[in-house]
Amino acid sequence: MNHTRYIQAGCLVLMLIGTPFFFIGGPGYYSSRSFQAAWNLGHVLFFFLFSLWLFEQLRGRKYVWSRAKSFVYVFVVVFLVGLLVEYLQLLVNGRAPDPFDLLRNQLGCLLAFALVTRPPLFSRHRWQVLFRGVVLVLLAITLWPLTKAVFDERLAVAQFPVLSDFETPFERFRWMDPRQLREEKEQVRHGRKSVRVQLSTAKYSGVSLFHFPGDWRGYQTLHFSVYNPLTENLELHCRVHDLLHRTSGAGFHDRFNQRFSLAPGWNDLVVSLEAVKNAPRERSMDMSRIHGFGLFVVQQPDPLALYLDHVYLSR
């Protein structure tokens, strides 16, 4: 078996192993950010192998195409196969098509040409170098969500029992819909930064801490500071739930709920974790698997911005 056949066989075996993962497994609702980001990179790897396999198939033909023609052929085939995969995912498990997956597929194709074969469209060395450089920049952009997630997950473990103090670059992404959050340096309760939380006029508008160490055993209280910019008191709702709450129907009486009346200015709020533990009506909260902490307001007449700072546990 010659060199080309070894490459073809290796790519084929790896693709056969990877194909089922388009339709089974994958990140769940509570999966870590790093696992979600790493899973998405599977598209790049699979279509890198697929493109390399296709290119080797073309090289083994009796009538060898030009590199430019081979490039265009493989690029188009990768796009069409990617569309087919997205369609089959929709049929098999109801996943919504993701246009970013198609872009990752094409990046895998470009990587195969840029890093393993000679760039096919450019005869001059400087253009080949530029082509490879552009592809590597695109790869770095694609790897950034994973890099960011791994960095902040490690930092969250090191900071615990501080859950979020907004002093480090990526803490906003521990919260659901970080687009609601904006770094703030003027209204600050602790350290150098807080976040401005934009709320809407929806019936329930709020923000939820979603990615954090969830073993709260051994701690007595949850603390957080909220700034009310209004000239009158504002009712703020707090909720805490564990993993079982989410998987057993997410009922109102199966989680911790508490209302606070926020005075104008900064309010330093405290939640008893004993009360959290005993909050579910028919069981005890699993304090080793806390999975959500949220703050929200109810049916405000106008959009409203609150400021949040220094969310932490104490013994």
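Here goes a summary of the coordinates provided. This is a predicted model, so every value here is computed, not measured.

As a further point, take the packing of helix α3 (residues 42-59) against helix α5 (residues 99-116). Their axes nearest at 7 Å, the elements α3 and α5 cross at an angle of 50°. On the basis of the axis angle, α3 is oblique to α5. By crossing handedness, the relation of α3 to α5 is classed as right-handed. Residue-level contacts link His43, Val44, Phe47, Phe48, Ser51, Leu52 and Phe55 of α3 to Asp101, Arg104, Asn105, Leu107, Gly108, Cys109, Leu111, Ala112, Phe113 and Val116 of α5. Residues that form the contact of α3 with α5 fall into these classes: eleven nonpolar, four polar and two charged.

This part is about the sheet that holds strand β7 (residues 256-262). Spatially, four strands are ordered β4-β9-β6-β7 in an open sheet, and the strand pairing comes out antiparallel. Lying at the two open borders of the sheet, with one neighbouring strand each, are β4 (204-209) and β7. With direction set aside, neighbouring strand axes in the sheet form an average angle of 25°. Summarising the sheet, strand β6 (residues 234-242) and β7 pair through seven bridges and their orientation is antiparallel. Note on β7: the bridge partner recorded for Leu234 is Leu262.

Another aspect to go through is the pattern of salt bridges. In this structure the tally under the stated criterion is 13 salt bridges. Between Glu167 and Arg192 there is a salt bridge, with its nearest N and O atoms 3.8 Å apart. Residue Glu167 is found in the loop between β1 (162-164) and β2 (181-184), and its partner Arg192 is found in the loop between β2 and β3 (194-199); the two are separated by 25 residues along the sequence. Residue classification places Glu167 among the buried residues on the basis of a relative accessible area of 19%. The exposed category is assigned to Arg192, whose relative accessible area is 52%. A salt bridge links Asp268 to Arg189; the nearest nitrogen and oxygen atoms lie 2.7 Å apart. Of the two residues, Asp268 sits in strand β8 (residues 265-272) while Arg189 sits in the loop between β2 and β3, which places them 79 residues apart along the sequence. A relative accessible area of 42% means that Arg189 is categorised as partly exposed. In this structure, a network of salt bridges that share partners links the residues Arg33, Asp152, Glu171 and Arg174.

What counts, and at which threshold
Residues numbered from 1 in each chain as written. Predicted model: local features only at pLDDT ≥ 70, side-chain atom pairs only at ≥ 80, totals over all residues. Heavy atoms only, no water. Axes fitted to C-alpha atoms, helices over the stretch in contact; angles between N-to-C directions. Helix = DSSP H or I, 4+ residues; strand = E, 2+ residues; numbered from the N terminus. Parallel < 35°, antiparallel > 145°, perpendicular 65-115°, else oblique. Left-handed = near helix turned anticlockwise from the far one by under 90°. Contact = heavy atoms within 4.5 Å. Nonpolar A, V, L, I, M, F, W, Y, C, P; charged D, E, K, R; others polar. Pairing = 2+ DSSP bridges. Salt bridge = Lys/Arg side-chain N within 4 Å of Asp/Glu carboxyl O. Buried < 20%, exposed > 50% of the residue type's maximum accessible area, 1.4 Å probe, protein only.

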